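# Residue-level structure breakdown
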Amino acid sequence: MPVPSTFTWLKTWLFQPEYWMETDSTDRSRRTACRQNVNNRLYISSSKYRHIMCSVSIKKSTEHGPCASGTIVSIEYDSAYCFVSDFWPPPASSWKDRCHSWPQPHVVDDIVKYGCHFVAIGHKLGSHEDHEWRISFSLTEQKLVYAMNRCQFLTYGLLTLFLKEIINNGVCDDDKLLCSYHMKTADFWVIQQNTIPYWCPQILLGSFWVCFKLILKWVYEGVCPNFFIPGNNMFLNKIHGEAQHQLFIRLYGLYEKGLAFLLHSPSIKSCIINVLHNPRLSICTDEHSLISEIEFDRNLYGEIHRYYTVFKLDIQGCMRYLHKTERMIGSSLLTQYQVQMLQKLTASVLQLTVFIFHMETYIHKNKLRYRADKITCHMLKLAAKFACITDMLYIAMYYYKTLRYMEALSIIEMIKVKLASQYVMHRSNVDTEMYTEALGGQSWSKKMRQAVAWDIGLDIEIHYISELIPEQQSALQNYCPSLYVPPLILLYMLEILCYRHVDTMRAQTAPDDLQTLVYYDQGQLIPLDLRDISWQILGICQQVTGNLQAALYSYKQSLRQEPFHKIRTAIEMRIHEVCLQNQ
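Starting from 1, residues in each chain are numbered consecutively following that chain's sequence as written. The model is predicted, so local features are restricted to residues of pLDDT at least 70 and side-chain atom pairs to those at 80 or more, both for listing and for counting; the totals for chains, interfaces and linings are taken over all residues. The side-chain values count all of the structure's non-hydrogen atoms but skip hydrogen atoms and water molecules.

### What about the overall build of the chain?
Our working definition: Helix and strand definitions follow DSSP, with helices as H or I runs of at least four residues and strands as E runs of at least two, each counted in order from the N terminus. Here's how the labels work: a residue is buried when its accessible area is under 20% of the maximum for its type, exposed when over 50%, partly exposed in between, all with a 1.4 Å probe on protein chains only. By the convention used here, residues are in contact when the closest approach between their heavy atoms is within 4.5 Å. The method behind every accessible area is Shrake-Rupley, applied with a 1.4 Å probe, and residues are considered shielded solely by the protein chains displayed.
Each helix and strand in the chain was counted, giving 25 helices and 15 strands. When each of the 583 residues of the chain is scored for burial, the buried share is 51%. For the chain, contacts bridging at least 24 residues in sequence account for 68% of all contacts bridging at least 6. For the chain, the exposed area adds up to about 29300 Å²; of that, 55% sits on carbon and sulfur atoms.

In C-alpha cells, the structure reads:
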C-alpha cells in the first residue's frame, strides 16, 4: 500500500507505543478513516481504518485485534494492515544501547535502518483507543529469531510447547492470559542480558528453566517489559488482580515440581524422559543444579515418613486435630509440601481414631454398633484415598479385628496387585525408569496414592492385631513408642491369620511366601533395622499354623538381629512357649 513519507507524533499516552497519526494523504481508505480534532486537523482513526480494511479484505473475515482473521481451506490467517515507518521510533532508542553482545552489530544496524510498523489498534484502557496506533516490531522480531543460535531457538520452541500443551491446555481463548509473544519476549531478554553465558544443546533444559523463572517473576510482579520499549508493560490489560494471583499460584506449583512438569507435554515427554529419570544427570541452571525428579521425590517422601509421627492422642485429641485440619483445607498459605505432610498426618489421625474408638468403646445395641462401624470403616477408606498404598493395610487390620476375614482377604489382594507394580517406591528402592514413565510430572498426591509404600507404624498402646500384643508390651517396657513393620511382612501375616478361619488348607501353605521373603531378601523389601520384627512375625505365623520347629528357628534368628524394637522379652517368652509345646 502507499506509505506516507513522514509521521508526526502529537502526543504520547500512558501506553507508550500508542500514537495518533497525522496525514495529508488522499488515499480513499485513509481519507474515509480520517477524523477532525479540535484544531481542525485531520487524523487517521485506528478503529475506523481497521474496520474499513477488514470489510474490504477476504470475505468472512472478522476483526481480531488489529487483524482481519479467518480461514481459507482449513488454514487460519491473520492479515494486519499497517503503515511502514522508515525510521526507528524514539521510545525504542534505548534498545540499541542495550545490544552489547546480542544481536551482532550488523544485525542491529539492519534492524534500525528498516524502522518499524504501525498497526491499527489503540490501548484498551486509554481514553483515545479509537485514535491511537500501536508500534509493531514484528519484522524486527523475525530478524532477531534468525539471529538466534540453535539452542536459543530450541528454547523458544520449548517455551511455546510448554505454553500450548501445559499452561493453555484446555483453556478457552478468552481465558488465556499468557501468549507466545510473552514466551518470545522472555527468550529475548534472557539472551540479551547474558543470563546464560554459553548456549549449547546440552543446556537446553537449563535455559528453558531460566526463561520460565523470568516469566514467573513477571507474573508475580505483574509487569512484563516490552523487549524494545521496557516502559511498556505487556501485562497491563489482562494480568492483574485475582487473575494474576491465580496464574502465579499455578506457575509456582509447576516451579515446585521442577523440570518434571514438562512430562505433562506429550510433545516434550518422549524427548526428555531419559534425562529426567537418570539421577546421574543434573540439569544446570543459573542458581544450582536441579536434581532429578525421582531423587526429589525420594527425599520428599522420606522426609514425610520420618516426621509424620502423631503423638499419643485420645479420642478428643483426634477430634481437635481433625477440626484444625478442616479449617486449614483450601488455605492458599499452604505450600504443596505442607499439603502432602498434612494429608499423611490426617490419615494417621483417622486411623488412630478408629482403633482407639474400637478398643475403648463397647456399644451394646446392635443398631448403634452398626452405625459406629459404618462410620469407622468410612474413616479408614477416606484415609486410604489420600495416603499411600500401604495405608490400605489398616482397613485389612480392622476387618480382621472385627472378624470379617473374607473382606480382609479382598483388601489384601488389592494391595498385592498395587505393590506388584514395578514403579512402587519403598523407602528409596524404586525402578527409576518405570517410576518416571508411569508417574513423571504427576502431582505428589497422585504419586503417594499409586506408587509410595511405607513401613506400617503400630502404636504400642493400641491393639491392632491381638497376635502382636506381647511384642507391643515388650516394646512398651523398653520405651519404644511403635512397632514398624515392612508392608509385605504385615500383609502376609494378615493373610495367614485370615486363612486360619476360612481355609485351613491355604493356611498351611500361606507361610511359604512369608518365609521366602524373610529368608532371601537382601534389604530391598525388609530394611535391616526391621529384620527383628520380621523374623518374629514369621515365627508367630509358623507357630499358629503348627510348624513349631520352624517357629523356634525364626525366634532365635530374631534374637540375633539388631534390637531395633527392643522386643527381647517377647521373643524369649515365645521361645519358652514353643519349647513347652514341643514336650
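Alright, that's what it looks like, and here's the rest.
### What to know about the packing of aromatic side chains
Quick note on the threshold: Between the rings of Phe, Tyr and Trp (Trp by its six-membered ring), a pair exists once the centres lie within 6.5 Å; its type follows the angle of the planes, with under 30 degrees stacked, over 60 edge-to-face, and the other angles tilted. Either the NZ atom of lysine or the CZ atom of arginine qualifies as a charge over a ring when it sits within 6 Å of the ring centre and within 35 degrees of the ring normal.
Under the defined criterion, the tally for this structure stands at 31 aromatic pairs. For the pair Trp95 and Phe228, a centre-to-centre distance of 5.6 Å together with 50 degrees between the ring planes defines the contact as tilted. Of the two residues, Trp95 is situated in helix H3 (residues 93-98) and Phe228 in the loop between helix H8 (204-221) and helix H9 (241-257); the sequence distance between them amounts to 133 residues. Comparing Trp95 with Phe228, the two get one shared label, buried. A ring pair is formed by Tyr400 and Tyr405, whose centres lie 5.8 Å apart and whose planes are at 55 degrees; its orientation type is tilted. Overall, Tyr400 belongs to the buried group, its relative accessible area being 7%. On the accessibility criterion, Tyr405 (14% relative accessible area) is buried. Through pairs of rings, three or more aromatic residues link up here, namely Phe162, Phe208, Trp209, Phe212, Tyr220, Phe248, Tyr252, Tyr255 and Phe261. Its guanidinium or amino end placed over the ring of Phe227, Arg98 lies 5.4 Å from that ring's centre, counting from NZ or CZ. Positioned above the aromatic ring of Tyr114 is the side chain of Lys143, whose terminal nitrogen or guanidinium carbon lies 5.3 Å from the ring centre.

### Some remarks on the environment of Val452
Residue position: Val452 is located in strand E13 (residues 452-453). In this structure Val452 comes out as buried when scored by relative accessible area, which is 1%. For the pair Val452 and Val430, spaced 22 residues apart in sequence, the C-alpha separation works out to 9.5 Å.

### Notes on helix H23 (residues 531-544)
Stated formally: Here the expected length of a helix is defined as 1.5 Å per residue gap, with one fewer gap than residues.
The first and last C-alpha atoms of H23 sit 20 Å apart over 14 residues, in line with the 20 Å expected at 1.5 Å per residue. Of all 14 residues making up H23, 13 are buried, and the element is well covered by its neighbours. Following H23 by one or two positions, Gly546 adopts a phi angle in the positive range, close to 95 degrees.

### Thoughts on helix H5 (residues 138-146)
Quick reminder of the rule: Each C-beta atom gives one direction from the helix axis, and the arc is the one those directions make.
What H5 keeps buried is the set Thr140, Glu141, Leu144 and Val145. Projected down its long axis, H5 shows its buried positions confined to an angular sector of 145 degrees, all on one face.

### Focus on the pattern of salt bridges
This is how the line gets drawn: The term salt bridge refers to a side-chain nitrogen of Lys or Arg lying within 4 Å of a carboxyl oxygen of Asp or Glu.
Here the structure, examined in full by the defined rule, presents 14 salt bridges. With its nearest N and O atoms 3.1 Å apart, the salt bridge here joins Asp110 to Lys143. On the criterion of sequence distance, the pair formed by Asp110 in helix H4 (residues 105-113) and Lys143 in helix H5 is long-range, its members being 33 residues apart. We note a salt bridge from Asp529 to Arg427, for which the minimum N-O separation is 3.5 Å. With Asp529 in the loop between helix H22 (511-520) and H23 and Arg427 in the loop between strand E12 (425-426) and helix H17 (432-439), this pair connects stretches of sequence that are 102 residues apart. Judged by its relative accessible area of 36%, Arg427 falls in the partly exposed class. Beyond isolated ion pairs, a larger network of salt bridges with shared partners links Glu413, Lys416 and Glu495.

### What about unusual backbone geometry?
The residue after Trp102, namely Pro103, is reached through a cis peptide bond having omega -10 degrees. For Pro103, the location among the structural elements is in the loop between H3 and H4. The backbone of Arg427 shows a phi angle near 55 degrees, a positive value even though the residue is not glycine. In the Ramachandran plot, Lys566 falls in the positive-phi region, its phi being about 55 degrees despite a non-glycine side chain. Tracing the sequence through the fold places Lys566 in the loop between helix H24 (548-560) and helix H25 (568-582).

### Things to note about the packing of helix H16 (residues 405-419) against helix H20 (residues 487-502)
Basically, it comes down to this: Every axis corresponds to a line fitted to the C-alpha atoms, with the helix fit spanning only the stretch in contact, and the corresponding angles, defined between N-to-C directions, vary from 0 to 180 degrees. Here the angle decides the label: under 35 degrees means roughly parallel, over 145 means roughly antiparallel, 65 to 115 means roughly perpendicular, and every other value means oblique. If you view the pair so one helix is near and one far, a crossing is left-handed when the near helix is turned anticlockwise from the far one by less than a right angle, and right-handed when it is turned clockwise. Each residue is assigned to one class: nonpolar for Ala, Val, Leu, Ile, Met, Phe, Trp, Tyr, Cys and Pro, charged for Asp, Glu, Lys and Arg, and polar for all the others, Gly among them.
Two numbers describe how H16 lies on H20: the axes approach to 10 Å, and their chain directions differ by 150 degrees. In terms of axis orientation, H16 runs roughly antiparallel to H20. Relative to H20, H16 is oriented so that their crossing is left-handed. Across the interface between the two elements, Tyr405, Met406, Ala408, Leu409, Ile412, Glu413, Ile415, Lys416 and Leu419 of H16 pack against Leu488, Leu491, Tyr492, Leu494, Glu495, Cys498, Tyr499, His501 and Val502 of H20. Here the residues of the contact of H16 with H20 sort into 14 nonpolar, one polar and three charged.

### Digging into the packing of H20 against H22
In the contact formed by H20 and H22, the axes pass within 9 Å of each other and the chain directions differ by 160 degrees. As judged from the angle between their axes, H20 and H22 are roughly antiparallel. Once H20 is placed against H22, the crossing between them reads as left-handed. Two secondary-structure elements touch here, H20 through Leu488, Ile489, Tyr492 and Ile496 and H22 through Pro511, Asp513, Leu514, Leu517 and Val518. Here the residues of the contact of H20 with H22 are counted per class, giving eight nonpolar, no polar and one charged.

### So, the side chain of Glu165
We count it as follows: Charged-residue counts in this description rest on Lys and Arg as positive and Asp and Glu as negative, His and the chain ends being excluded. Here a polar contact means two N or O atoms within 3.5 Å. Within protein one must be a hydrogen donor candidate and the other an acceptor candidate, and residues neighboring in sequence count only if both atoms are side-chain atoms.
Positionally, Glu165 belongs in helix H6 (residues 150-167). An unpaired buried charge is present at Glu165: no salt bridge exists, and Lys164, the closest side chain of opposite charge, is 5.7 Å distant. Side-chain polar atoms of Glu165 contact the side chain of Ser267, separated by 2.5 Å. Apart from the residues lying within four places of it in its own chain, the contact partners of Glu165 are His264, Ser265, Pro266 and Ser267.

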